[in-house]
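Architecture and fold: a report
One-letter residues, chain by chain:
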Protein chains: 2
Amino acid sequence: MDSLDPSWFREASKRKRYLLGVSGGLDSMALLYLMHEHGFREVVVCHLDHGLRGEASIGDARLVGKEAERLGFTIESEKLDLRVEMLKSGESLETAGRLARHDFFAKCARKWRCKRVLLAHHMDDQAETILWNLMRGSHGCRGMSDLSELKVKGLTLEISRPLLGIRKADLQAWMESNHHPWREDESNRVNDVVRNRIRNEALPLLNAIAKRDVGKNLVRAARNDQETRAVFEWALEKAQPIDPQGRLHLGVMRSLPPALQAHALLSFLKSQHIAAIDHALLESCLAMLSPHVAASVNLPGNLRLRRRAGRFFIE
Amino acid sequence: MDSLDPSWFREASKRKRYLLGVSGGLDSMALLYLMHEHGFREVVVCHLDHGLRGEASIGDARLVGKEAERLGFTIESEKLDLRVEMLKSGESLETAGRLARHDFFAKCARKWRCKRVLLAHHMDDQAETILWNLMRGSHGCRGMSDLSELKVKGLTLEISRPLLGIRKADLQAWMESNHHPWREDESNRVNDVVRNRIRNEALPLLNAIAKRDVGKNLVRAARNDQETRAVFEWALEKAQPIDPQGRLHLGVMRSLPPALQAHALLSFLKSQHIAAIDHALLESCLAMLSPHVAASVNLPGNLRLRRRAGRFFIE
């Protein structure tokens, strides 16, 4: 493959500045070269050394620094000892790594007055994420977003993933045909047993059983799921369940299909800054649609959802 | 487990007649006894011998006949040679088996003037179906319906699956604690390599990786997906994209989110008795929403979808 041309690179403004997370591995190095090839010049390459790979870390940092400089990009790098961070925070190595990267991006974002962060997740990462979400049952058939927001230390970063539509094999072929170097860097994966097993055992087995590319099908299913969420937003707009006083109108709510009731209630609670609504709590709140159920449910933060005069409101 | 009490058995009318597909295996024998335990009396037990298991087939038929009689149910049984059917029809053994069962149910339905057919698929079957649909990418995250319609030989059968919410292990525990007999009958599965591998390899591996019951999570995700379809129906009702002349109004269509556009168009084509719309054809039709695209697309059955005066219509 001689050229990779996902729409993001065509459509994004070349005059804006971007922060790039670059580890030195195949995926993020491909992102680095693609940015240059497509004419982006205001690029800040952000390299965080997790301090987990000893000598190899030095090689990673050196390659990233050298190539960033050669391409005329700015380099921001930092070194930490993730094992120490992990012990300090009590988090798993994976979570501690993610939090450290977020902090690092926030720091770079402040310094360079730039909230646009690009990450190098590709379609194979996406398929793994979707399968894992299905397996653990937390988000249905859902993957990473092309574009999402990340709140960290009072900043809201805009996370874009321009490679999400590209297979890893295509990235590698492109890198090879262009003689671009990268480092075999699996440091951020080594400790992620679940991810590794999904990639190395589960997806290959599913491909073999189905005799087709299951990852691609998962990605398509998740894309449909994403488009479905736009229909929910549209339907909520049509339904208008919020009355002029900002309360939830039960007559309207009762006329909606159950899944839309749930979505309307979640949106209402979110608009009232009530987060952390789990499945059981949502069910309790929805049960209050029946006049035969007690007219009040406790919410996080010492609040209550109350039913009175045909309305739900927060107290 | 001493009692199994899915809502279907409580809610279904005891005065109506039901056709039961009973092979003699655990699942369908459990269905048989559950019908009796819950007070259903107008039950026609339909047993089709596929002629694949030799001596064992005779034992299956004998057990089903004996137990049906003991419970006071009617028995309908038929024997065929599925291998011959397969060669005649050119279908796979699995497909030929399914078609033969459909024909047999249609015959029983006519004889007993009863369109209600009960099948014994349980939650483990459902999880396998959902995973397989995800793997082959044909239906997103979707399983079998609790209630569906099946058109066969001019009849419309109502297929219900009352056990879809019950784990196979719970069925087995219930059968054992009640000392109900069944036959180890995997004849309808032996030749289904994909199903077997999903059940015996894929799901156990996913469970082991996730350290949780992945099947249950898949079933929940599919249930959410099913509820989502009700939201699409509701939204379509609100959108009213059909004009008084029964044509599709493009102004309305263009105001809808893409997934709802697709749903509206599919519903429109279906209402015009145009079936067999594949993904590519749907995309071509949707592309016609743009005034810059040619105003006509060929449809199956020598028909066309045309765009004129702000409307889509069939010609």
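Residues numbered from 1 in each chain as written. Chains lettered and ligands numbered in written order. Predicted model: local features only at pLDDT ≥ 70, side-chain atom pairs only at ≥ 80, totals over all residues. Heavy atoms only, no water.

1. Thoughts on the packing of helix 6 (residues 123-136) of chain A against helix 10 (residues 214-239) of chain A
Residue and element names in this part refer to chain A.
- Their axes nearest at 9 Å, the elements helix 6 and helix 10 cross at an angle of 70°. It follows from the interaxial angle that helix 6 and helix 10 lie roughly perpendicular. Here Met123, Gln126, Ala127, Ile130, Leu131 and Leu134 of helix 6 come into contact with helix 10, specifically with Gly215, Leu218, Val219 and Ala222.
- In the contact of helix 6 with helix 10, the residues fall into eight nonpolar, two polar and no charged. (Axes fitted to C-alpha atoms, helices over the stretch in contact; angles between N-to-C directions. Helix = DSSP H or I, 4+ residues; strand = E, 2+ residues; numbered from the N terminus. Parallel < 35°, antiparallel > 145°, perpendicular 65-115°, else oblique. Contact = heavy atoms within 4.5 Å. Nonpolar A, V, L, I, M, F, W, Y, C, P; charged D, E, K, R; others polar.)

2. Remarks on the relation of the copies chain A and chain B
- For the match of chain A to chain B, the screw axis carries a shift of 0.1 Å, the RMSD comes to 0.1 Å, and the turn is 180°. On the angle and the small slide along the axis, the relation comes out as a two-fold axis. In terms of C-alpha distance to the rotation axis, chain A has Ala235 of chain A as its closest residue, with the C-alpha 2.9 Å off the axis.
- Looking at the interface residues of chain A, 100% of them are also at the interface in chain B, so both copies use one shared face. (Least-squares fit on C-alpha atoms with pLDDT ≥ 70 in both.)

3. Thoughts on the sheet that holds strand 7 (residues 248-249) of chain B
All names here are of chain B.
- In spatial order, the strands read 7-10-9-8; together these four strands make up an open sheet with antiparallel pairing. Only two strands of the sheet have a single neighbouring strand rather than two, namely strand 7 and strand 8 (296-299).
- As defined by bridge partners, strand 8 adjoins strand 9 (residues 303-308) across four bridges and the pair is classed as antiparallel. Paired with Asn298 across the strands is Arg304, a residue of strand 9.
- Lying on the sheet, helix 12 (residues 258-271) is in contact with strand 7, strand 8, strand 9 and strand 10 (311-314); it crosses strand 10 at an angle near 30°. (Pairing = 2+ DSSP bridges.)

4. Here we look at the side chain of Arg307 of chain B
Residue and element names in this part refer to chain B.
- With respect to the helices and strands, Arg307 occurs in strand 9.
- Buried within the structure, Arg307 lacks any salt-bridge partner; its nearest side chain of opposite charge belongs to Glu315, at an N-O separation of 13 Å.
- Each residue touching Arg307, except ones within four places of it in the same chain, is listed here: Leu250, Met288, Ser290, Pro291, Val293, Ala294, Ala295 and Phe312. (Buried < 20%, exposed > 50% of the residue type's maximum accessible area, 1.4 Å probe, protein only. Lys, Arg positive; Asp, Glu negative; His and termini not counted. Salt bridge = Lys/Arg side-chain N within 4 Å of Asp/Glu carboxyl O.)

5. Focus on helix 12 (residues 258-271) of chain A
All names here are of chain A.
- Between its first and last C-alpha, helix 12 extends 20 Å over 14 residues, near the 20 Å set by a 1.5 Å rise per residue.
- Burial in helix 12 covers these residues: Ala259, Leu260, Gln261, Ala262, His263, Ala264, Leu265, Phe268 and Leu269.
- Remark: His273 follows helix 12 within two positions and exhibits a positive phi of approximately 60°. (Expected span 1.5 Å × (residues − 1).)

6. Examining the interface of chain A and chain B
- Listed per partner, the contact involves 37 residues of chain A and 38 residues of chain B.
- Contact between chain A and chain B buries roughly 3,200 Å² in total, counting both sides, with carbon and sulfur atoms accounting for 76%.
- Three residues, Met135, Ile209 and Trp234 of chain A, lead the burial of chain A against chain B; their summed loss comes to 21% of the area buried on that side.
- For the pair chain A and chain B, the interface holds zero salt bridges.
- Here chain A is connected to chain B by six residue pairs in polar contact (both at pLDDT 80 or more).
- For the side of chain A that touches chain B, the secondary-structure elements that each account for two or more residues are helix 6, helix 9 (193-210), helix 10 and helix 12 of chain A.
- If you tally residues by element for the side of chain A that touches chain B, the top one is helix 10 of chain A, at 14 residues. (Buried area = accessible area lost by both parts, 1.4 Å probe. Polar contact = N/O pair within 3.5 Å; in protein donor to acceptor, adjacent residues only side chain to side chain.)

The values reported here are purely geometric and, on their own, carry no functional implication.
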